[in-house]
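# Coordinate analysis (summary)
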Amino acid sequence: MQQIISLWTNLEPRRRITVILATVAMFAAVLLLARMAAQPSMSLLYSGLENGQAGEIVRALDQRGVTYEVRGGSIYVDGRDRDALRMTLASEGLPRNSSQGYELLDSLSGFGMTSQMFDAAYWRAKEGELARTIASSPQIEAARVHIAHQGATPFQRDVKPTASIALTTSGDISASQAKALRYLVASAVAGLNPDDVAVIDDKGELLSLADDPSADTAATDRAQALKEKVQRLLEARVGAGNAVVEVTVETVTESESIHERRFDPDGRVAISTDTEESSNSAQNSDAGNVTVASNLPNGAGGGNNSSNSQGNETRERVNYEVSEVNREVLRAPGAVRRMTVAVLVNGVGTQGADGTTTLAVRGDEELASLRELVSSAVGYDDSRGDVITIKSMVFEPVTLLGTASDGGFAAGLNLDVMSLIQMAVLALVALVLGLFVIKPVLSGGVARVPLLESGGGGGSAGESLPALDGEIDGDEDYALPDLSMGSGFGGGNEGGGFPMIADFDGMGGGSAMDSDDPVARLQSLIEERKDETMEILRSWLEESGETA
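The rules behind each value
Residues numbered from 1 in each chain as written. Predicted model: local features only at pLDDT ≥ 70, side-chain atom pairs only at ≥ 80, totals over all residues. Heavy atoms only, no water. Helix = DSSP H or I, 4+ residues; strand = E, 2+ residues; numbered from the N terminus. Buried < 20%, exposed > 50% of the residue type's maximum accessible area, 1.4 Å probe, protein only. Contact = heavy atoms within 4.5 Å. Areas by Shrake-Rupley, 256 points an atom, 1.4 Å probe, with all protein chains shown as cover. Pairing = 2+ DSSP bridges. Axes fitted to C-alpha atoms, helices over the stretch in contact; angles between N-to-C directions. Salt bridge = Lys/Arg side-chain N within 4 Å of Asp/Glu carboxyl O. Phe/Tyr/Trp six-rings, centres within 6.5 Å; stacked < 30°, edge-to-face > 60°. Lys NZ or Arg CZ within 6 Å of the ring centre and 35° of its normal. Lys, Arg positive; Asp, Glu negative; His and termini not counted. Core = buried A, V, L, I, M, F, W, Y, C linked by side-chain atoms within 4.5 Å. Expected span 1.5 Å × (residues − 1). Arc of directions from axis to C-beta. Parallel < 35°, antiparallel > 145°, perpendicular 65-115°, else oblique. Left-handed = near helix turned anticlockwise from the far one by under 90°. Nonpolar A, V, L, I, M, F, W, Y, C, P; charged D, E, K, R; others polar.

## A few points about the overall build of the protein chain
The helix and strand tally for the protein chain stands at 12 helices and 13 strands. In the protein chain, which comprises 548 residues, the share counted as buried stands at 23%. The long-range share in the protein chain, meaning contacts at least 24 apart out of those at least 6 apart in sequence, stands at 65%. Accessible surface, the protein chain as shown: approximately 37,500 Å² in total, 52% of it carbon and sulfur.

Below, the structure is given as structure tokens:
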């Protein structure tokens, strides 16, 4: 402690200020490093919330005592607790959607409620429910739905409801997605036509309903499915990346309806038979002419003639129905009209005598086998005009642009890169302040302690002090060299160095004393006169304290 006070008192005022500022800066850097090391890594919890939703989230975090930061419209929490907080807040229904649904109807009471008020609340609730459903899509951040419905109007006819959808998206909305939204809203409102629903994006542009691309979409999907099927089949033989497949499917784009009614006269069928049978019989008796003989008592004179008749008749009627064929054929677009398949296969590698590998085209037999596999996979039909082309060529090497990134060990750790950079910079600042500011100032401002002259005692130059107890008297045979604190061996006196010893006489006949090396001679002297050396050093330290 005495040495530190002595050093401080011998410093110049300018160096004292430098030391104070450097020390404060170094301690501040160390404290900041400790704070950054103890501070958790903040991760994004929610962003883009409305003021009411953000207030509810902040209130819930305050109740749990969670450390958080609000940066603009975003809320950050400790990265280790982020997922757990999201699930916990979601279980409480946070963040709540700003649009309200059917819960609006729960607060309605029958007292003082008119039908118009109930209808307005009902359609408002339906708009909120539709907005919630639309906003649940990952590509849609927010949605508003407006429905224009006239309700029951007995004095108006042909009044159709209309609707509009306003979207805030995180990307582009395709025509098919806009069509799906139209059908979603139209299906929820009775009597609403999908064409009467307008979809507006966040740019204020109307997403028009494009022409029905069902036929083209079906052809594209079918071609993609066939391409993937052939790709998997070929790569199992030639290897991944050694086959390129392109499939084109031409489909029928027009629709056709056929009604046919055909009669076949040769193919009649009896549908009913009607048979009638009739029989009649008649008997005729003739008494003859009246004569004299017929009036005789015996009656022998009269004649007696008679006749009988009988007839049968059968009538049959058969009804026939001529065979009739009614056929109605509806041909929708999408039928395959023609299909073409192009396959390019990479060459096969062959190893030469020198060990180098070269690529050569594949043989015709192998290409024929691959053609059969492709024909079976795509459903080749020659009568339809399908074409399959398979060629074997050597692929050109693909030069990758840029450099591949390898995360390494640090990628698997959940570390904040910016925090690490800040800590490294602060550590470097503290190290620079300690090594290149404080240490040079302290070492350069050390007060040189007055040294003992050859006559013994410590004082200023040219002044001889009396010898202390145990100190070596002023004897030129045992004169010690002029030493200076903080300096090394060598150099002159003017630089505060350690002057070389020219000669030590009268020390005896030791080998070290006879050496030409002054350092060795000094060491030998100190080893022989240990007690005196300790006393001299002690007296130097005491004189240094008194001088300060």
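## Here's the deal with the sheet that holds strand 10 (residues 336–346)
Taken in spatial order, the 3 strands of this open sheet run 7-10-13, and their pairing is mixed. Looking at which strands have only one partner, the edges of the open sheet turn out to be strand 7 (243–251) and strand 13 (387–393). Averaged over neighbouring strand pairs, the angle between their axes works out to 10° when direction is ignored. Pairing between strand 7 and strand 10: 9 bridges, direction antiparallel. Across the sheet, the residue bridging to Ala-243 is Val-345, located in strand 10. On the sheet, helix 8 (residues 364–378) packs against strand 10 and strand 13 and is oriented at approximately 145° with respect to strand 13.

## Description of the pattern of salt bridges
Taken as a whole and assessed by the stated rule, the structure comprises 18 salt bridges. Close ionic contact of Arg-338 with Glu-250 constitutes a salt bridge, the shortest N to O distance being 3.8 Å. Here the residue Arg-338 occupies a position in strand 10, and Glu-250 occupies one in strand 7, the gap between them amounting to 88 residues. Here Arg-338 falls in the partly exposed class, since its relative accessible area comes to 30%.

## Observations regarding the packing of aromatic side chains
Under the criterion given, the structure shown has 1 aromatic pair. Centre to centre, the rings of Tyr-122 and Trp-123 are 5.3 Å apart; their planes meet at 70°, and the pair counts as edge-to-face. A relative accessible area of 29% means that Tyr-122 is categorised as partly exposed. Sitting over the ring of Tyr-76, Arg-71 keeps its end group 4.2 Å from the ring centre.

## A look at the side chain of Asp-201
Within the element layout of this structure, Asp-201 appears in the loop between strand 6 (197–200) and helix 7 (214–238). As a buried residue without a salt bridge, Asp-201 has its nearest oppositely charged side chain in Lys-203, at a separation of 5.8 Å. Among all residues touching Asp-201, those that are not within four sequence positions of it are Leu-167 and Leu-207.

## Brief notes about the sheet that holds strand 2 (residues 68–71)
Taken in spatial order, the 3 strands line up as 1-3-2 in an open sheet, and their pairing is antiparallel. Edge positions in the open sheet fall to strand 1 (42–47) and strand 2, since each of these has one partner strand only. Shown here is a sheet whose adjacent strand axes are inclined to one another by a mean of 30°, direction ignored. On the sheet, helix 3 (residues 51–64) packs against strand 1, strand 2 and strand 3 (74–78) and is oriented at approximately 20° with respect to strand 3. With respect to the sheet, helix 4 (residues 82–91) is in contact with strand 1 and strand 3, its orientation differing from that of strand 1 by roughly 25°.

## Brief notes about the pairing of strand 2
Here 4 bridges tie strand 2 to strand 3, and the two strands are oriented antiparallel to one another. Among the inter-strand pairings, Glu-69 is bridged to a residue of strand 3, identified as Tyr-76. Count of turn residues in the strand 2/strand 3 antiparallel hairpin: 2 residues, of which Gly-72 carries a positive phi of about 70°.

## So, the nonpolar core
Formed by 21 residues in total, the largest nonpolar core has its most connected members in Ile-134, Ile-165, Leu-167 and Val-185. Secondary-structure elements contributing two or more residues to this core are helix 5 (115–135), strand 4 (140–148), strand 5 (162–169), helix 6 (175–188) and strand 6. Val-238, Ala-243, Leu-367 and Leu-370 belong to the second-largest nonpolar core, a separate cluster that totals 20 residues.

## Notes on the environment of Ile-173
Following the sequence through the fold, Ile-173 ends up in the loop between strand 5 and helix 6. What makes Ile-173 buried here is its relative accessible area of 15%. Note: C-alpha distance between Ile-173 and Ile-140 (33 residues apart in sequence) is 8.9 Å. Not counting the four nearest positions on each side in its chain, Ile-173 is found in contact with Gln-139, Ile-140, Ala-178 and Leu-207.

## Considerations on helix 3
Compared with the 20 Å implied by 1.5 Å per residue over 14 residues, the 20 Å span of helix 3 between its first and last C-alpha is a close match. Turning to helix 3, its buried residues are Gln-53, Ile-57, Val-58, Ala-60 and Leu-61. When helix 3 is viewed along its axis, its buried side chains cluster within an angular range of 160° and face the same direction. Within helix 3, the exposed residues directed more than 90 degrees away from the buried face are Asn-51 and Gln-63.

## Considering the side chain of Ser-375
Looking at where Ser-375 falls in the secondary structure, it is placed in helix 8. Ignoring any residue separated from it by four or fewer positions in sequence, one finds Ser-375 in contact with Tyr-380 and Ile-388.

## Some thoughts on the packing of helix 3 against helix 4
Two elements in contact, helix 3 and helix 4, have axes whose closest approach is 12 Å; the angle formed by their N-to-C orientations is 115°. Compared by their axis directions, helix 3 and helix 4 come out roughly perpendicular. Regarding helix 3 and helix 4, the two cross each other, and that crossing is right-handed. Residues Ile-57, Ala-60, Leu-61 and Arg-64 of helix 3 form the contact with helix 4, whose participating residues are Leu-85, Thr-88 and Leu-89.

## Points about helix 5
End to end, helix 5 covers 30 Å across 21 residues, agreeing with the expected 30 Å (1.5 Å per residue, within 8%). For helix 5, the set of buried residues is Ala-121, Trp-123, Ala-125, Lys-126, Glu-127, Gly-128, Leu-130, Ala-131 and Ile-134.

## Description of the packing of helix 5 against helix 6
Taken N-terminus to C-terminus, the directions of helix 5 and helix 6 make an angle of 150°; their axes are 11 Å apart at the nearest point. Comparing their axes, helix 6 and helix 5 come out roughly antiparallel. Helix 6 is crossed by helix 5, and the crossing has right-handed handedness. Residues Lys-126, Leu-130, Thr-133 and Ile-134 of helix 5 touch helix 6, and the partners they reach there are Leu-181, Leu-184, Val-185 and Ala-188. By residue class, the composition of the contact of helix 5 with helix 6 is 6 nonpolar, 1 polar and 1 charged.

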